[in-house]
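Listed below are the residues making up each chain.
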Amino acid sequence: MNRTVRIILAVVGGIVAGSIVNMGPQMIPAPAGVDITTTEGLRAAMGLFEPRHFIFPFLAHALGTLFGAFVATWIAGDGGRLPAYIVGGFFLLGGIASAFMIPAPAWFIAVDLIVAYIPMALLGAKLAPRRSAAVASA
């Protein structure tokens, strides 16, 4: 398979895989009467959230990026780690957009943007097994 096509497929696969992990279950229920299904509901209720309510959103962002980068590197084979870095950048842009749309506490935004994206993409790329070009094209 052409190296460029494989890298493009790796990026798309990594974004899809990371997004699936990112949309995982909400383990800590929102405060009573809070609608977390809309941006407006989140904005209105943000003052009711405790630090524990931010644990799983952070984990979803970090683990989604980690898994997406892992999958992208694995699919890329000898295409290197570039797909993982692109996946990490994609999710970082999503995190930045989310920081502007949802008024979360500054500490959460800082930790999320600094830890959940680029470091997790680097770690995912490092953890992924390397495949040779012959295996990757099969």
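For the structure itself, consult the block above.
A quick note: this is a predicted structure, and the numbers were derived from the prediction, not measured.

**Q** I'd love a proper account of the overall build of the protein chain, names of residues and values included.
**A** In terms of helices and strands, the protein chain carries seven helices and zero strands. From first element to last, N terminus to C terminus, the protein chain shows the α and β order α-α-α-α-α-α-α. Considering only C-alpha atoms, the protein chain reaches an extent of 55 × 20 × 20 Å along its principal axes. Counting only residues that meet the buried cut, the protein chain has 40% of its 138 residues in that class. Contacts in the protein chain between residues at least 24 apart in sequence constitute 79% of all its contacts with a sequence separation of at least 6. Across the protein chain, the mean location of the 8 positive side-chain charges is 19 Å away from that of the 5 negative side-chain charges.

**Q** Before we move on, can you summarise the pattern of salt bridges with the specific residues and values?
**A** Within the structure shown, the criterion is met by two salt bridges. Salt-bridge contacts for D78 lead to R6; the nearest nitrogen and oxygen are separated by 2.5 Å. You can see D78 sitting in the loop between helix 3 (55-76) and helix 4 (82-101) and its partner R6 sitting in helix 1 (residues 3-22), a full 72 residues away along the chain. Judged by its relative accessible area of 41%, D78 is partly exposed.

**Q** How would you explain the nonpolar core if you had to name every residue and give the values?
**A** Among the nonpolar cores identified, the biggest contains 21 residues, and F49 and F54 are the most heavily contacted of them. Mapped onto this core, the elements with two or more residues apiece are helix 1, helix 2 (39-45), helix 3 and helix 4. Examining the composition of this core, we find that four residues originate from one element, helix 3, more than from any other. Sequence-distant contacts of F54, defined by excluding residues within four places in its chain, comprise M46, F49, A104, P105, W107 and F108.

**Q** Tell me about the packing of aromatic side chains, residues and numbers included.
**A** Taken as a whole and assessed by the stated rule, the structure comprises five aromatic pairs. A ring pair is formed by F54 and F108, whose centres lie 5.0 Å apart and whose planes are at 40 degrees; its orientation type is tilted. Remark: F108 occurs in helix 5 (residues 106-115) and F54 occurs in the loop between helix 2 and helix 3; sequence separation between them is 54 residues. An identical accessibility class is assigned to F54 and F108; each is buried. Between F90 and F91, the aromatic rings sit 5.5 Å apart at their centres with planes inclined by 80 degrees, giving edge-to-face as the arrangement. By relative accessible area, F90 is classed as partly exposed at 42%. Counting every residue linked through ring pairs, the aromatic cluster contains F49, F54, W107 and F108.

Parameters at a glance
- Residues numbered from 1 in each chain as written.
- Predicted model: local features only at pLDDT ≥ 70, side-chain atom pairs only at ≥ 80, totals over all residues.
- Heavy atoms only, no water.
- Helix = DSSP H or I, 4+ residues; strand = E, 2+ residues; numbered from the N terminus.
- Buried < 20%, exposed > 50% of the residue type's maximum accessible area, 1.4 Å probe, protein only.
- Contact = heavy atoms within 4.5 Å.
- Lys, Arg positive; Asp, Glu negative; His and termini not counted.
- Charge placed at Lys NZ, Arg CZ, Asp CG, Glu CD.
- Salt bridge = Lys/Arg side-chain N within 4 Å of Asp/Glu carboxyl O.
- Core = buried A, V, L, I, M, F, W, Y, C linked by side-chain atoms within 4.5 Å.
- Phe/Tyr/Trp six-rings, centres within 6.5 Å; stacked < 30°, edge-to-face > 60°.

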